Amino acid sequence: MFGMVRPCRHRLGETLTAQWMAHLCGLCLALRGDHGQLARIVTNYDGLLVSVLTEAQTNLATGASSGVGRRTAGPCPLRGMRTASVAHGEGARLAAAVSLVLASAKVRDHVADGDGLLARAPVARAARRVAKGWDRAGARTGSAVGFDTAVLVDAVDRQGGIEALAGPGTPILTVTEPTETATAAAFAHTAVLAGRPYNAGPLAEAGRLFGRLAHLLDAVEDRHADAASGAWNPITATGTSLMEARRLADDAVRGIRLALREAEFTDGRLVHRLLVHELRTSVDRAFGTATCAHAAAPEAAGPHAPPGTGAPGGPGAPLPPEPPRGNRRGLLAGCAVWLGLACTCQMCCGTYQDPWTGERKEGQCGNCDCSGCGDCCSCCDCCGNCCDNCGCDGCDCGCNC
């Protein structure tokens, strides 16, 4: 599971968290239903947004007739063997198609960079075959909902050529263009699925800027690792400063907010929460300007506690020792356990033991990013202008947006 929009349960509140999980489970089940258990490993937070956008534009009372709505899913280990209402239909299937192509692009990118085992020719060949299979699977699912994933695959194919020609002085927006084009098409198609073609224009603009932001933040977060490994990085290659990258990122967040105001939603609270407030958090996280309101202050541990320490097991506490090497599984045994965890999505949202070390870990859904949790859901921007359709479920500080 990957993506830049990783919402915190504390900020979403109970109602929006339930909606978010309905889409997450819906995407996971759509991937399993169309492509088998192994396909669930491509579950992608950013691809999930197209499911959210589709439902936000749909009247759920009539959504069943248009192939969009909710259903009750059977027991799942990640929900403590409880049933749940999950998103299903064309929105979830579009999200599945997008996630498959995104995963294919990620694999190809790692192969091109020669990351880890992918530097070995046999492994790289196998990875390319997997990526091609995901492209074909995404195309089948996309076609079923009227979306031609060729625009996504074309963007991936064009990216390499653009990067090969880019150098110092090349505008970084030249490099981000393929991603912008692909995400614009995916966002716009949600308007078609929801029966609101007049939303296609503003959602295409929101998608274009979302793609720009995703590319920029990925480059910012990877620049040190890319420099160490010698991998190509758009910021380094074009000589773009971090100040300019931050300006472009802030402009993209602002542009997405304005574009969403031009679209009509049946219930736009979750869309607004994710594509306005959570994107701002993603930018802060990438540029290292985020703080965690839930982190324990040094004073909480006592006036004489050394800096950086807190309650036992809390932020700043020493990490537990690693399990003894003798308890670690071998490569094949660890891979077998990993496959079982992945196929039940426990590595995404459950509590599980590391397949090799036995160390207890939390899945991505429980890996809560609490930065900004104390800002009344960021209902107002830095200029004091309140946002529309704030959706700040759970706010208790009197914010009247």
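Since this is a predicted model, take the numbers as computed values, not measurements. (Residues numbered from 1 in each chain as written. Predicted model: local features only at pLDDT ≥ 70, side-chain atom pairs only at ≥ 80, totals over all residues. Heavy atoms only, no water.)

Chemist: Can you break down the overall build of the protein chain residue by residue, with the values?
Modeler: Secondary structure assignment for the protein chain yields 12 helices and four strands. Per-residue burial for the protein chain yields a buried fraction of 46% across its 401 residues. Contacts spanning at least 24 positions in sequence make up 67% of the contacts within the protein chain whose residues lie at least 6 apart. When the accessible area of the protein chain is evaluated, it comes to approximately 19,000 Å², of which 56% is carbon and sulfur surface. (Helix = DSSP H or I, 4+ residues; strand = E, 2+ residues; numbered from the N terminus. Buried < 20%, exposed > 50% of the residue type's maximum accessible area, 1.4 Å probe, protein only. Contact = heavy atoms within 4.5 Å. Areas by Shrake-Rupley, 256 points an atom, 1.4 Å probe, with all protein chains shown as cover.)

Chemist: Provide a residue-level description of the confidence of the model for the protein chain, including the pertinent values.
Modeler: Overall, the predicted model of the protein chain reaches an average pLDDT of 76, with 68% of residues at or above 70. Mean pLDDT per element in the protein chain: helix α12 (residues 346–349) is the minimum at 54, and helix α9 (residues 242–261) is the maximum at 96. Here residues 369–386 scores under 50 on pLDDT; set against residues more than four positions off or in separate chains, the count is 50 contacts. Contacts from residues 391–401, a stretch scored under 50 in pLDDT, to residues over four places away or in other chains number 24 contacts. (pLDDT = per-residue confidence, 0-100.)

Chemist: Please provide a residue-by-residue account of a positive patch on the surface, values included.
Modeler: A grouping of Arg125, Arg128, Arg129, Lys132, Arg136 and Arg140 is seen on the molecular surface, where their side chains present a positively charged patch. The topology assignment puts Arg140 in helix α4 (residues 121–144). (Patch = residues over 30% accessible without salt bridge, like charges linked within 9 Å, V, L, I, M, F, W, Y side chains within 5 Å. Salt bridge = Lys/Arg side-chain N within 4 Å of Asp/Glu carboxyl O. Lys, Arg positive; Asp, Glu negative; His and termini not counted. Charge placed at Lys NZ, Arg CZ, Asp CG, Glu CD.)

Chemist: A description of the nonpolar core should follow, citing residues and the corresponding values.
Modeler: Ranked by internal contacts, the top residues of the largest apolar core, which has 73 residues, are Phe210, Leu213, Leu260, Leu275 and Leu279. For this core, the leading source of residues is helix α3 (residues 90–113), giving 10 residues. In this structure, Leu275 is in contact with Leu49, Leu53, Phe187, Phe210, Ile256 and Leu260, ignoring residues within four places of it in sequence. Counting five residues, the second-largest nonpolar core is a separate cluster that includes Cys25, Leu29, Ala73 and Val86. (Core = buried A, V, L, I, M, F, W, Y, C linked by side-chain atoms within 4.5 Å.)

Chemist: Report on the packing of helix α1 (residues 9–35) against α3, specifying residues and quantitative values.
Modeler: Interhelical geometry of α1 versus α3 gives an angle of 75° and a closest axis separation of 8 Å. Compared by their axis directions, α1 and α3 come out roughly perpendicular. Residues Gly26, Leu27, Ala30, Leu31, Asp34 and His35 of α1 form the contact with α3, whose participating residues are Ala92, Arg93, Ala95, Ala96, Ser99 and Leu100. Partitioned by chemical class, the residues of the contact of α1 with α3 number seven nonpolar, three polar and two charged. (Axes fitted to C-alpha atoms, helices over the stretch in contact; angles between N-to-C directions. Parallel < 35°, antiparallel > 145°, perpendicular 65-115°, else oblique. Nonpolar A, V, L, I, M, F, W, Y, C, P; charged D, E, K, R; others polar.)

Chemist: Just give me the short version of helix α6 (residues 172–193), but keep the residues and values in it.
Modeler: Here α6 is 22 residues long and its end C-alpha atoms lie 33 Å apart, about the 32 Å a rise of 1.5 Å per residue gives. Along α6, the sharpest kink reaches roughly 35°, centred on Pro178. One or two steps after α6, the chain reaches Gly195, where phi turns positive at roughly 75°. (Expected span 1.5 Å × (residues − 1). Bend = angle between axes of the 7 residues up to and from the residue.)

Chemist: Residues and numbers for the environment of Trp134, please.
Modeler: By secondary structure assignment, the location of Trp134 is in helix α4. Given a relative accessible area of 17%, Trp134 falls into the buried group. Residues contacting Trp134, with those up to four places away along its chain left out, are Ile41, Val42, Leu100, Ala103, Ser104 and Val107.

Chemist: I'd like to hear about α4, residue by residue, with values.
Modeler: Here α4 spans 35 Å end to end across 24 residues, near enough to the 34 Å set by a 1.5 Å rise per residue. Ala124, Ala127, Ala131, Trp134, Asp135, Ala137, Gly138, Thr141 and Gly142 are the residues of α4 that are buried. Elements in contact with the buried residues of α4: α1, α3 and α5 (150–165). Residue Gly146 follows α4 closely and has a positive phi angle near 80°.

Chemist: So what about the packing of α5 against α6? Which residues, and what values?
Modeler: Two quantities define a packed helix pair, namely the angle between the axes and the distance from one axis to the other. Their axes nearest at 9 Å, the elements α5 and α6 cross at an angle of 175°. By the angle between their directions, the pair α5 and α6 is classed as roughly antiparallel. Contacts between α5 and α6 involve Val151, Leu152, Ala155, Arg158, Gln159, Ile162 and Glu163 on the former and, on the latter, Thr174, Val175, Glu177, Pro178, Thr179, Thr181, Ala182 and Ala185. Looking at the contact of α5 with α6 residue by residue, the classes come out as eight nonpolar, four polar and three charged.

Chemist: Run through the packing of aromatic side chains, naming residues and quoting values.
Modeler: Counted by the stated rule, this structure contains two aromatic pairs. Ring centres of Trp20 and Tyr45 lie 5.5 Å apart, and the angle between their planes is 45°; on these two criteria the pair is classed as tilted. Of this pair, Trp20 sits in helix α1 while Tyr45 sits in helix α2 (residues 45–56), and the two are 25 residues apart along the sequence. What makes Trp20 buried here is its relative accessible area of 5%. Residue Tyr45 is classed as buried on the basis of its relative accessible area, which comes to 4%. (Phe/Tyr/Trp six-rings, centres within 6.5 Å; stacked < 30°, edge-to-face > 60°.)

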